[in-house]
Amino acid sequence: MAFHEHRFSVAPMMDWSDRHCRAFHRLLSRRARLYTEMVTANAVIFGDRDRLIGFGEDEHPVAVQLGGSDPDALAQAAAICADRGYDEINLNVGCPSDRVQGGNFGACLMRDPELVAACVAAMKARVDIPVTVKCRIGVDDQDPEVALDRLADAVLAAGADALVVHARKAWLEGLSPKENRDIPPLDYDRVHRLKRRLPGVPVSINGGIGSLDEVEAQLRHVDGAMLGRAAYQQPELLLEVDARLFGEAPPHADAFAAVEAFEPYIGAHLAAGGRLHDVTRHMLGLFTGRPGARAYRRRLAMEGVRPEAGLAVLRAAVDEVRRAEERRSLVA
Ligand SMILES: Cc1cc2nc3c(=O)[nH]c(=O)nc-3n(C[C@H](O)[C@H](O)[C@H](O)COP(=O)(O)O)c2cc1C
């Protein structure tokens, strides 16, 4: 059975979904679609590209998320990313941070569908890969019934290939970006209605989805579910994605095997002069809920940050969980 390519994805998250994080997530699911942190169009054009948009061949399918509102700059950045081999360009129309608003992009673009459409059209004219948009259901006092339809219709007319909707408003006055991910109420029905109105358009839903049971429930209404915090904070759930959502064997039998399989990647990073913590900071949520998880986290957080820390620290941390599980099975 063919599944939609957006059926399951891990959200773009600044400072979190960097290439080490994505390499780790890819180890846990072959099928999840992975998104980069947002990169501004100007950073792609003028910045250190290897650092900003470098990625590993193992990461596919991987989408780059761009921020900006200048059609020419976005088109140029999109072309650079497509040349590098990204599978999709995603435009950020959802980020509420002040820095982003100052540059007139992110969520405040919900108020300017024509400009977003011009950005999409300019990117589509330059690249052959899909161009998608991640947006909110509205901002501030906008009526989501009107605002989301207007944005969707405008970008689809400009050629957008799919939509990802964070199912809450952004309140641009008075809330921090973090509060804007929790306080404006979720409205999944609004996104489901969008999908019913646009049956031919791939629509993914995002926001507050915490488990694969919830993903399966959402997939009865939309084409895809995008998880941010749950995937990052409990990455073990990714290990079940391929089997439950794609009917394929999981890439590894369990989290222990996955960590072992990750050692060559981490070893190469260390050999190139990188720090253990660059990679293991994204692994702190592994084993959450299991005996020994706290000791695992503590070891990685305390010992893993030392400049000389190597793979032995990771192995010792994982052993905390192994030993705690053995102790529990002796007691049981
Ligand atoms: C640390 C962090 C950074 C984020 N950075 C971005 C970003 O760069 N671009 C973006 O579109 N959304 C960003 N988001 C929002 C997420 O993509 C997602 O829309 C939001 O967290 C809601 O999904 P969730 O409840 O599954 O986490 C970020 C979220 C977090 C927690």
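Residues numbered from 1 in each chain as written. Predicted model: local features only at pLDDT ≥ 70, side-chain atom pairs only at ≥ 80, totals over all residues.

Draft legend 1. Spatial organisation of the overall build of the protein. Along the backbone of the protein there are 15 helices and eight strands. Here the C-alpha radius of gyration of the protein, 20 Å, is about what a compact globule of 332 residues would show, namely 20 Å. The buried share of the protein, reckoned over its 332 residues, is 45%. Put simply, 70% of the contacts in the protein that link residues at least 6 apart link residues at least 24 apart. (Helix = DSSP H or I, 4+ residues; strand = E, 2+ residues; numbered from the N terminus. Rg over C-alpha atoms; globule rule 2.2 N^0.38 Å. Buried ≥ 20, exposed ≤ 12 C-beta atoms within 10 Å, placed from the backbone. Contact = placed C-beta atoms within 7 Å.)

Draft legend 2. Here's a closer look at the environment of Lys-169. For Lys-169, the position within the fold is in the loop between strand S6 (162-166) and helix H8 (188-197). Lys-169 sits in the buried class, given 26 other C-beta atoms within 10 Å. For the pair Lys-169 and Leu-237, spaced 68 residues apart in sequence, the C-alpha separation works out to 27 Å.

Draft legend 3. Fine view of the packing of helix H1 (residues 19-28) against helix H12 (residues 255-271). Look at H1 against H12: their axes get within 10 Å of each other, and the N-to-C directions meet at 140°. With respect to their mutual orientation, H1 and H12 come out oblique. The handedness of the crossing between H1 and H12 is right-handed. From H1, Ala-23, Phe-24, Leu-27 and Leu-28 reach across to H12, where they touch Ala-258, Ala-261, Phe-262 and Tyr-265. Across the contact of H1 with H12, the residue classes tally to eight nonpolar, no polar and no charged. (Axes fitted to C-alpha atoms, helices over the stretch in contact; angles between N-to-C directions. Parallel < 35°, antiparallel > 145°, perpendicular 65-115°, else oblique. Left-handed = near helix turned anticlockwise from the far one by under 90°. Nonpolar A, V, L, I, M, F, W, Y, C, P; charged D, E, K, R; others polar.)

Draft legend 4. Spatial organisation of the UniProt feature "site: Interacts with tRNA" (unreviewed entry) in the protein. Here the UniProt feature "site: Interacts with tRNA" (unreviewed entry) sits at Asn-92, Lys-178, Arg-181, Arg-294 and Arg-297. Look at the named residues: they lie 206 residues apart in sequence, and the longest C-alpha span between them is 35.1 Å, so in the fold they stay spread out. As for its placement among the helices and strands, Lys-178 is situated in the loop between S6 and H8. Exposure remark for Lys-178: the 10 C-beta atoms within 10 Å place this residue in the exposed category. Mapped onto the elements, Arg-294 comes out in helix H14 (residues 293-302). (UniProt positions renumbered as here; feature names shortened; annotations may be inferred.)

Draft legend 5. Representation of the site of the ligand. The local shell around the ligand holds 23 residues, among which Ala-11, Met-13, Met-38, Gly-228 and Arg-229 are the closest. The residue makeup of the shell around the ligand, split by class, is ten nonpolar, eight polar and five charged. (Near = placed C-beta within 6 Å.)

Draft legend 6. A look at the pairing of strand S2 (residues 33-40). The element S2 is largely enclosed, with a buried count of seven among its eight residues. With two bridges connecting them, strand S1 (residues 8-10) and S2 associate as parallel partners. Bridging across to S2, Val-10 finds its partner in Leu-34. Tracing the backbone out of S1, into H1 and back to the parallel element S2 gives a crossover that is right-handed. Taken together, the five bridges between S2 and strand S3 (residues 62-67) define a ladder with parallel strand orientation. Along S3, the bridge assignment pairs Leu-34 with Val-62. (Pairing = 2+ DSSP bridges. Right-handed = clockwise from strand over helix to strand, strands pointing away.)

Draft legend 7. Layout of the environment of Gly-304. When you line up the elements, Gly-304 lands in the loop between H14 and helix H15 (311-331). Along the chain, Gly-304 and Arg-281 lie 23 residues apart, while their C-alpha atoms are 8.4 Å from each other. Once residues within four sequence positions are removed from consideration, Gly-304 is found in contact with Leu-276, His-277, Thr-280, Ala-309 and Val-313.

Draft legend 8. Seen up close, the UniProt feature "active site" (unreviewed entry) in the protein. Look at the UniProt record and you will see "active site" (unreviewed entry) annotated at Cys-95. Note on placement: Cys-95 falls in the loop between strand S4 (88-93) and helix H5 (98-102). Residue classification places Cys-95 among the buried residues on the basis of 24 C-beta atoms within 10 Å.

Draft legend 9. Summary view of unusual backbone geometry. Cis geometry is adopted by the peptide bond preceding Pro-61, which originates at His-60 and carries an omega value of -5°. Checked against the element boundaries, Pro-61 lands in the loop between helix H3 (49-53) and S3. The backbone of Asp-15 sits at a positive phi, close to 70°, despite the residue not being glycine. Within the element layout of this structure, Asp-15 appears in the loop between S1 and H1. Positive phi values are uncommon outside glycine, yet Phe-287 reaches one of about 70°.

Draft legend 10. Spotlight on the packing of helix H4 (residues 71-84) against helix H6 (residues 113-126). It is at 8 Å that the axes of H4 and H6 come closest, and there the two elements cross at 35°. H6 is crossed by H4, and the crossing has right-handed handedness. Across the interface between the two elements, Pro-71, Asp-72, Leu-74, Ala-75, Ala-78 and Ala-79 from H4 touch Ala-118, Cys-119, Ala-122, Met-123, Ala-125 and Arg-126 from H6. Split into classes, the residues belonging to the contact of H4 with H6 amount to ten nonpolar, no polar and two charged.

Draft legend 11. The arrangement of H4 in detail. In a regular helix each residue adds 1.5 Å, so 14 residues correspond to 20 Å; H4 covers 20 Å between its end C-alpha atoms and thus fits that length. Residues Pro-71, Leu-74, Ala-75, Ala-77, Ala-78 and Cys-81 constitute the buried set of H4. Angularly, the buried residues of H4 cover 165° about the axis, an arc narrow enough to put them on a single face. Looking at the buried positions of H4, the neighbouring elements they touch are helix H2 (41-46), H3, S3, S4 and H6. Directly after H4, the chain includes Gly-85, whose backbone phi takes a positive value near 110°. (Expected span 1.5 Å × (residues − 1). Arc of directions from axis to C-beta.)

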